[in-house]
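Residue-level listing of the chains:
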Amino acid sequence: MSHSCRKDKGKSLKENPPVEWENEFMWRIRAERARVKMNPIIEVKGFTKKYGDFAAVKNISFTVDEGSVFAFLGPNGAGKSTTINTLCTIFDKTEGELFIAGKNAHTQKNQVRSAIGVVFQDSTLDKKMTVEENLKMHCVFYKVPKNEVEERITFVLTLVDLLGWRKKTVSALSGGMKRRVEIARGLIHYPKVLFLDEPTTGLDPQTRAHVWEYIFRLQKEKNITIFLTTHYMDEAENCDKVAIMDHGKIIAYDTPFALKKQYTKDRAYITVANPAAFEQSLNREGINYIKKENYHRIDVDDNAKLLQVLAECKDGIKDIEIRKGTLNDVFLEITGREIRDTDNETKTQETQKKQKIKRGRK
Ligand SMILES: Nc1ncnc2c1ncn2[C@@H]1O[C@H](COP(=O)(O)OP(=O)(O)OP(=O)(O)O)[C@@H](O)[C@H]1O
Ligand SMILES: [Mg+2]
């Protein structure tokens, strides 16, 4: 539609901007967003990590945009922690180049360390010390100026809603609170990038949701780049970008939306009063379906065709549910197996057993 065709022609330009201008405006916003987001703060090129002869990570390359939340997804043993630990300068690479904020993780370790905060997969808090003592110790390691320590502790504990727990011994805190103290500690030297290795593993759903709330708050309010790993596929749905890792390789890398669009279909579960008539319409439109006892399952290739059938049969539809594709479906589509296959379940059970034994010792 051109500007001159618009019905409400008498209104001011502000109320009624020309369509071309609106498009131009939207285009500029998108271009600006792309420009801002396209500044990579993490760059990994041809990274390989071997433990002896075993290659845990095999020639991976990716970038993470400044100010974004990036998730590294993958089953147990995929190589997520190995990658994080090498980026954080804990391990040395075998091959490749890893940069954070332009600094080389192999040759400029100190500069990299001062640019990052890390929450490791296993807790590293001293449980016999108070929350405040743990944070103070970290300030010493990171050479936070003495006159700023009090202010920074207050600031980071406020961010994770734990100010009232400052003087408590860490052992008195719940699992979720301890995780939040670790996030606070990772932030105390004001890093550009915060690494979180499985920040929510072992937490109940409510605490998981809270931890995510803090993660997104940090990103939005402080523009901190968040790099996290998880094997909960659902958790990565709201991240800006995800890399799915399996057997040491990146098998998919994009926004969750783009990955789902590329690899999954919406699935409809429909219960109708007259299955014969419904099937006739489906067949006529060339829509494939699987007939179950009480419903028909349809992998939706063409929304318009399905809507056409539904419109025809609308009086006889008893129930309808549309399930969107998930990142788990993406993984299934690419690898042909569920992220939690038998091996992983066994490993998970082993880990749980180990945790129980550990708990028993305390
Ligand atoms: N220090 C090590 N020595 C030898 N092999 C190791 C070492 N650390 C990890 N591995 C192996 O490297 C592979 C990748 O391990 P990594 O810890 O990076 O996986 P992950 O994706 O973080 O898994 P999880 O989800 O279980 O934490 C695994 O096969 C693991 O057994
Ligand atoms: Mg790990």
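My aim in this report is to walk through the structure given alongside it, one point at a time.

1. Brief notes about the overall build of the chain
Thought 1: Looking only at helices and strands, the chain features 12 helices and 14 strands.
Thought 2: The proportion of buried residues among the 362 residues of the chain is 29%.
Thought 3: The long-range fraction of contacts in the chain, counting pairs at least 24 apart against all pairs at least 6 apart in sequence, stands at 70%.

2. Overview of the nonpolar core
Thought 1: Among the nonpolar cores identified, the biggest contains 60 residues, and Ala71, Leu73, Ala184, Phe195, Ile226 and Val242 are the most heavily contacted of them.
Thought 2: No other element matches strand S3 (residues 69–73), which puts 5 residues into this core.
Thought 3: Lining this core are residues from two domains, each supplying at least three of them: domain 2 (40–260) and domain 4 (328–355).
Thought 4: Setting aside residues up to four positions removed in sequence, Val242 forms contacts with Ala71, Leu73, Ala236, Pro256, Leu259 and Leu327.
Thought 5: Of all hydrophobic cores here, the second largest spans 9 residues; its members include Ile270, Val272, Leu282 and Leu306.

3. Comments concerning the sheet that holds strand S7 (residues 193–197)
Thought 1: Across the sheet, 6 strands lie side by side as S6-S7-S8-S3-S9-S10; this open sheet has mixed pairing. Pairing within the sheet leaves two strands with one partner each, and these edge strands are strand S6 (116–119) and strand S10 (249–254). Averaged over all adjacent pairs, the angle separating strand axes in this sheet is 15 degrees, with direction ignored.
Thought 2: Note: S3 against strand S9 (residues 241–246), 4 bridges, orientation parallel.

4. Some points on the site of ligand 1
Thought 1: Looking at ligand 1, the residues that line it are Tyr51, Ala56, Gly74, Asn76, Gly77, Ala78, Gly79, Lys80, Ser81, Thr82, Gln121 and His231.
Thought 2: The leading source of residues in the shell around ligand 1 is helix H2 (residues 80–87), at 3 residues.
Thought 3: When its residues are assigned to classes, the shell around ligand 1 shows 3 nonpolar, 8 polar and 1 charged.

5. Here's the deal with the packing of helix H9 (residues 275–285) against helix H10 (residues 303–312)
Thought 1: Where H9 meets H10, the closest approach of the two axes is 10 Å, and the angle between their N-to-C directions is 150 degrees. Viewed along their axes, H9 and H10 adopt a mutual orientation that is roughly antiparallel. Of the two elements, H9 crosses H10, and the hand of that crossing is right-handed. Contact with H9, carried on its side by Ser281, Leu282 and Glu285, involves Lys305, Gln308, Val309 and Glu312 of H10 and no other residues of that element.

6. Structural notes on the environment of Glu150
Thought 1: Counting through the fold element by element, Glu150 comes out in helix H5 (residues 149–159).
Thought 2: Between the C-alpha atoms of Glu150 and Glu132, which are 18 residues apart in sequence, the distance is 9.4 Å.

7. Things to note about the pairing of strand S1 (residues 40–51)
Thought 1: Here S1 pairs with strand S2 (residues 54–65) via 8 bridges, running antiparallel. Each residue of the ladder has a partner; that of Val44, found in S2, is Phe62.
Thought 2: Where S1 folds back onto S2 in an antiparallel hairpin, the turn is made up of 2 residues, including Gly52, whose phi is positive at roughly 65 degrees.
Thought 3: Pairing between S1 and strand S4 (residues 95–100): 5 bridges, direction antiparallel. Across the sheet, the residue bridging to Val44 is Leu98, located in S4.

8. Quick word on the environment of Met137
Thought 1: Assignment of secondary structure puts Met137 in helix H4 (residues 131–141).
Thought 2: Sequence separation of Met137 and Asp126 is 11 residues, and the distance between their C-alpha atoms is 10.0 Å.

9. Things to note about H2
Thought 1: With 6 of 8 residues buried, H2 is to be regarded as a mostly interior element.
Thought 2: Taken together, the buried positions of H2 are occupied by Lys80, Thr82, Thr83, Ile84, Thr86 and Leu87.
Thought 3: Looking one or two residues beyond H2, the residue adopting positive phi is Thr89, at roughly 70 degrees.

Conventions used here
- Residues numbered from 1 in each chain as written.
- Chains lettered and ligands numbered in written order.
- Predicted model: local features only at pLDDT ≥ 70, side-chain atom pairs only at ≥ 80, totals over all residues.
- Helix = DSSP H or I, 4+ residues; strand = E, 2+ residues; numbered from the N terminus.
- Buried ≥ 20, exposed ≤ 12 C-beta atoms within 10 Å, placed from the backbone.
- Contact = placed C-beta atoms within 7 Å.
- Core = buried A, V, L, I, M, F, W, Y, C linked by C-beta atoms within 7 Å.
- Domains from an automatic or database assignment.
- Pairing = 2+ DSSP bridges.
- Axes fitted to C-alpha atoms, helices over the stretch in contact; angles between N-to-C directions.
- Near = placed C-beta within 6 Å.
- Nonpolar A, V, L, I, M, F, W, Y, C, P; charged D, E, K, R; others polar.
- Parallel < 35°, antiparallel > 145°, perpendicular 65-115°, else oblique.
- Left-handed = near helix turned anticlockwise from the far one by under 90°.

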